[in-house]
Structure formats: structure tokens, C-alpha cells
Amino acid sequence: MVLVAQLVGALLGLLAVVFGAFGAHLLKKTFTADQLNSFETGVKYQMYHALLILMLSFNLNLETGLEKAIIYCFIIGTVLFSFSIYGLCISASKGNKIKLLGPVTPLGGLFLVVGWGLLLYSFIKNYI
């Protein structure tokens, strides 16, 4: 599980840099200011959570169900949250907004919140 977390974390980080450059250089010409701001939010959250996944993969054994659930929540949440934002922004800029992606973004955010909650619980569970 550690290797999976490291590979996914590195891939998400790599893609965040690529998407960030893509947004800053190519999409700047076709996006509105709001779309560009939303796209950048997706990139930021993707990078933050890529780094978090990598950090956890180096500091946890990722053997318990709780530790695996934390990683899965962060991976699923990051993909759903950031990639739905990318899809919404790109499709809206083309004049054909994919409305199906609208509910996906908060679902991804919910996974991220649950991941953070589980991480917090993992830190304090021995003190309760």
C-alpha cells in the first residue's frame, strides 16, 4: 500500500504541475477570470493532497484499515474534486458545460473532509 500511495502521490503532483502550467499559459486566453480562478483552486488542492499522500506514505505503515481508509479518501477525494473542476471549467469555456460534474466536486470535497477527519482521529485515538 505504501508503494501505491507513493506512486499516486507522485503522479498527482506531476499532473498538478502540468495542469498548473497548462492553466497559466494556454487556458488564460480562453478562460474567464472566474474559470481561471476555479481551475487554479483545483490545481492547488491537487498539489496539497499529493504532498500529503506522499508525506503519509513515508510516515505511516499504511497497514491498518484506518490508515488505508485515510489514503483512499485523499486519493478519491483529490481525483473527484480537482478533476471535476477541470472538466467543468474546460467544458464551460467551450460553451458546453458538463452539468453532471457539478455534484461530483462537493462529493470529492466530502472525501477530503472525511480523510482529514480520519487523520485527526488517528492522532487522538490513543488519548480518548
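Our subject is the structure listed above.
Please read all numbers here as calculations on a predicted model, not as lab measurements.

S.K.: Where do I start with the packing of aromatic side chains in this structure?
M.R.: The geometry of two aromatic rings is summed up by the distance between their centres and the angle between their planes. Scanning all chains against the criterion turns up eight aromatic pairs. Between Phe-19 and Tyr-86, the ring centres sit 5.0 Å apart and the planes meet at 70°, which makes this aromatic pair edge-to-face. Here Phe-19 is found in helix α1 (residues 2-25), whereas its partner Tyr-86 is found in helix α3 (residues 65-93), with 67 residues between them in sequence. On the accessibility criterion, Tyr-86 (5% relative accessible area) is buried. Taking the centre distance of 4.9 Å and the plane angle of 40° together, the rings of Tyr-45 and Phe-81 count as tilted. In this pair, Tyr-45 is assigned in helix α2 (residues 33-59) and Phe-81 in helix α3, connecting sequence segments 36 residues apart. Tyr-45 sits in the partly exposed class, given a relative accessible area of 36%. The class of Phe-81 is buried, set by a relative accessible area of 13%. Following the ring pairs from residue to residue traces out a cluster consisting of Phe-19, Phe-31, Phe-39, Phe-83 and Tyr-86.

S.K.: So what exactly am I meant to see when it comes to the nonpolar core here?
M.R.: A general tendency of soluble globular proteins is for nonpolar side chains to be buried together. Residues Phe-31, Phe-39, Val-43, Ile-53, Leu-56, Ile-71 and Phe-74 are the most contacted members of the largest nonpolar core, which totals 24 residues. Secondary structure elements with two or more residues in this core: α1, α2, α3 and α4 (104-124). At eight residues, the largest contribution of residues to this core is made by α3.

S.K.: I would appreciate a short explanation of the packing of α1 against α3 in the present structure.
M.R.: Geometry of a packed helix pair, given as the angle between the helix axes and the separation of the axes. Packing of α1 against α3 brings their axes to within 11 Å, and their N-to-C directions diverge by 20°. For the element pair α1 / α3, the angle class is roughly parallel. Where α1 crosses over α3, the handedness of that crossing is left-handed. Mapping the contact onto sequence places Ala-5, Val-8, Leu-12, Leu-15 and Phe-19 in α1 and Ile-71, Ile-75, Thr-78, Val-79, Phe-83 and Tyr-86 in α3. Of the residues contributing to the contact of α1 with α3, the split by class is ten nonpolar, one polar and no charged.

Conventions used here
- Residues numbered from 1 in each chain as written.
- Predicted model: local features only at pLDDT ≥ 70, side-chain atom pairs only at ≥ 80, totals over all residues.
- Heavy atoms only, no water.
- Phe/Tyr/Trp six-rings, centres within 6.5 Å; stacked < 30°, edge-to-face > 60°.
- Helix = DSSP H or I, 4+ residues; strand = E, 2+ residues; numbered from the N terminus.
- Buried < 20%, exposed > 50% of the residue type's maximum accessible area, 1.4 Å probe, protein only.
- Core = buried A, V, L, I, M, F, W, Y, C linked by side-chain atoms within 4.5 Å.
- Axes fitted to C-alpha atoms, helices over the stretch in contact; angles between N-to-C directions.
- Parallel < 35°, antiparallel > 145°, perpendicular 65-115°, else oblique.
- Left-handed = near helix turned anticlockwise from the far one by under 90°.
- Contact = heavy atoms within 4.5 Å.
- Nonpolar A, V, L, I, M, F, W, Y, C, P; charged D, E, K, R; others polar.

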